[in-house]
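Read off the chains here:
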Amino acid sequence: MPTDAASADIAAANTGVGDLRVALDVAALEGWLAANVAGFSGPLTVAQFNGGQSNPTFRLTTPGGAYVLRRKPPGPLLKGAHDVLREARVLKALGATPVPVPTIHGVCDDDAVLGSAFYVMGMVEGRIFWDAGFGDVPHGERAAYFDAMNATIAALHAVDIEAVGLGDFGRPGNYFARQIGRWSKQYLEDELAGRNPDMDALVAWLPTAIPAGDETSIVHGDFRCDNMIFHPTEPRVLAVLDWELSTLGHPLADFAYHAMMYRMPGDIVAGLGGADPVALGLPTEADYIAAYCARTGRSGIDNWDFYLAFNFFRLAAIFHGIKGRTLRGTASNTQSRQRAEAFPRLALLAREAMESCR
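Just so we're clear, the structure is a prediction, and the values are computed from it rather than from any experiment.

Asker: Is there a simple way to explain the overall build of the protein chain in this structure?
Answerer: The helix and strand tally for the protein chain stands at eleven helices and ten strands. Scored against the burial criterion, the 358 residues of the protein chain give a buried share of 54%. Residue pairs at least 24 apart in sequence account for 72% of intrachain contacts in the protein chain once pairs closer than 6 positions are excluded. As displayed, the protein chain has an accessible area near 14,700 Å², and 52% of this comes from carbon and sulfur atoms.

Asker: Explain helix α9 (residues 285-296) to me, please; I cannot follow it from the model alone.
Answerer: A turn of α-helix holds 3.6 residues, and therefore any two residues three or four places apart point the same way. Given a rise of 1.5 Å per residue, twelve residues ought to cover 16 Å, and the 17 Å separating the end C-alpha atoms of α9 matches this to within 8%. When we look at burial in α9, the residues that qualify are E285, Y288, I289, Y292 and C293. Burial along α9 is one-sided: seen end-on, the buried residues are contained in an arc of 140°. Turned more than 90 degrees away from the buried face of α9 sit A286 and A294, all of them exposed. Contact partners of the buried residues in α9: α5 (142-157), α8 (251-259) and α10 (304-328). Residue G297 follows α9 closely and has a positive phi angle near 70°.

Asker: What exactly am I supposed to notice about helix α7 (residues 197-205) here?
Answerer: If you check which residues of α7 are buried, you get D198, M199, A201, L202, V203 and W205. Against the buried residues of α7 lie α6 (175-189), α10 and α11 (336-357). With a side-chain oxygen positioned 2.8 Å from the backbone nitrogen of D198, the residue opening α7 is N196.

Asker: I keep staring at the packing of α5 against α9 and nothing clicks. Help me out?
Answerer: If you want to describe how two helices pack, look at the angle between their axes and the distance between the axes. Two numbers describe how α5 lies on α9: the axes approach to 10 Å, and their chain directions differ by 40°. Judged on the interaxial angle alone, α9 and α5 are oblique. For the pair α5 and α9, the crossing hand works out as right-handed. Across the interface between the two elements, F146, D147, M149, N150, A151, I153, A154 and H157 of α5 pack against Y288, A291, Y292, R295 and T296 of α9. Across the contact of α5 with α9, the residue classes break down as eight nonpolar, three polar and two charged.

Asker: Would you mind going over the side chain of N311 with me for this structure?
Answerer: Structurally, N311 is set in helix α10. Within the structure, the side chain of N311 is placed 3.0 Å from the backbone oxygen of A253, a separation counted as a polar contact. Apart from the residues lying within four places of it in its own chain, the contact partners of N311 are A253, A256, Y257 and M260.

Asker: When you look at the pattern of salt bridges in this model, what are you seeing that I'm missing?
Answerer: Counted according to the given criterion, the structure contains 16 salt bridges. Between R89 and D168 there is a salt bridge, and its shortest N-O distance comes to 2.4 Å. In this pair, R89 is assigned in helix α3 (residues 84-94) and D168 in the loop between α5 and α6, connecting sequence segments 79 residues apart. Overall, R89 belongs to the partly exposed group, its relative accessible area being 32%. On the accessibility criterion, D168 (56% relative accessible area) is exposed. For R295, the salt bridge is made with D147, and the minimal N-O distance between the two is 2.9 Å.

Asker: In this structure, what is going on with the pairing of strand β3 (residues 57-62)? I would like to understand it.
Answerer: Note on strand geometry: in a regular strand, side chains alternate between the two faces of the sheet. Relative to β3, strand β2 (residues 45-49) runs antiparallel, the two sharing four bridges. Directly across from T45, in β3, lies its bridge partner T61. Hairpin connection, β3 to strand β4 (residues 65-71): the antiparallel pair is bridged by two residues.

Asker: I keep staring at unusual backbone geometry and nothing clicks. Help me out?
Answerer: The general pattern is negative phi for most residues beyond glycine and trans for most peptide bonds. A cis geometry characterises the amide bond from G42 onward to P43, with omega recorded as 5°. Secondary-structure assignment places P43 in the loop between α2 (26-36) and β2. One non-glycine residue, N174, lies in the positive phi region at around 55°. You can call N174 exposed: its relative accessible area is 54%. With a phi close to 60°, D242 is a non-glycine residue in the positive phi region. Checked against the element boundaries, D242 lands in the loop between β9 (237-240) and β10 (247-249).

Asker: What is the right way to read the packing of aromatic side chains from this model?
Answerer: Two aromatic rings, taken as a pair, are described by how far apart their centres are and by the angle between their planes. Applying the stated criterion to the full structure yields 22 aromatic pairs. Taken together, a centroid distance of 5.6 Å and an interplanar angle of 40° make the contact between F134 and Y145 tilted. A residue pair is termed long-range when its members are at least 10 positions apart, and F134 in the loop between β6 (118-122) and α5 and Y145 in helix α5 qualify at eleven residues. Residues F134 and Y145 agree in their burial class; the two are buried. Between F176 and F306, the ring centres sit 5.4 Å apart and the planes meet at 70°, which makes this aromatic pair edge-to-face. One end of the pair, F176, is in helix α6; the other, F306, is in helix α10, with 130 residues separating them in the sequence. Both residues of the pair, F176 and F306, count as buried. Linked through ring pairs, F129, F134, Y145, F146, F230, F255, Y262, Y288, Y292 and W304 together constitute an aromatic cluster. Taking the ring centre of F169 as reference, the NZ or CZ of R86 above it sits at 3.9 Å.

Calculation criteria
Residues numbered from 1 in each chain as written. Predicted model: local features only at pLDDT ≥ 70, side-chain atom pairs only at ≥ 80, totals over all residues. Heavy atoms only, no water. Helix = DSSP H or I, 4+ residues; strand = E, 2+ residues; numbered from the N terminus. Buried < 20%, exposed > 50% of the residue type's maximum accessible area, 1.4 Å probe, protein only. Contact = heavy atoms within 4.5 Å. Areas by Shrake-Rupley, 256 points an atom, 1.4 Å probe, with all protein chains shown as cover. Expected span 1.5 Å × (residues − 1). Arc of directions from axis to C-beta. Polar contact = N/O pair within 3.5 Å; in protein donor to acceptor, adjacent residues only side chain to side chain. Axes fitted to C-alpha atoms, helices over the stretch in contact; angles between N-to-C directions. Parallel < 35°, antiparallel > 145°, perpendicular 65-115°, else oblique. Left-handed = near helix turned anticlockwise from the far one by under 90°. Nonpolar A, V, L, I, M, F, W, Y, C, P; charged D, E, K, R; others polar. Salt bridge = Lys/Arg side-chain N within 4 Å of Asp/Glu carboxyl O. Pairing = 2+ DSSP bridges. Phe/Tyr/Trp six-rings, centres within 6.5 Å; stacked < 30°, edge-to-face > 60°. Lys NZ or Arg CZ within 6 Å of the ring centre and 35° of its normal.

Below is the structure:
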């Protein structure tokens, strides 16, 4: 678990808005909003959120209210990365389900407007927790916040993909093989970011260790407490954010990524870093898994260490990509250098989980 100072640093680096770090033609945007967003009326003020590692995110303020804009970053991009149009599609589809998401007000796939694709959604006011231990919440209430996250991810995995029009949102089946191939390829092709022996070992081992059996659901791909907006005073999730990595996939991969917070050093992303959850007023990892299983009709989860190894590897590959963007000068977040430096630690955690499977 991070120290109070580390949590404060992470929150400060990701909370609030500041000057535009990515150029944005405000006049062109205001014209597009007036023509495409019902009820929009200027004048428009734009500020960039301090968070948003991958896709630059902006707060749009008008006399009548506020919106949020997400766009692709400028510069050369890896194939398939930063697909904000996929984000917009899944958010629109989930709008009529029990999964809490912001309302989509408009989508623009015309690069001529701002220089890259973008979408505009409603601004959801509430709290974001950067500390996975929920240290800002009274001790006796923390377990309820964990239960709210657990219920939200279980609701996501229960969504009928055909009924919401997402049957073609990804390829059903063979999720692990495809994901391992995708992230291995991205890691190997980014020569500027370099190679790592732990990652090389995982690239070789993971395809040989995929558990038998298959399931398909919508998966978020980055389901963490800091990608959710909670009610200002209640243990309730108002909106799940950052759907860039969402697709059709294996629900246990998605849930294990979320539950990885029990093993994750808190100075990398929101995690407990090996702290005693009971002392913090939180459910144990085993109890958290059991709650998810109860909600999804499972008797348990076999091969848990494989799912953890896969997810640490996948996150390490993402951080490897951040390292590459940092070296190219295209990373949009001031924390990009710190995340690039954290890459080898994640690779080592993935290898340790791999070794525990043997």
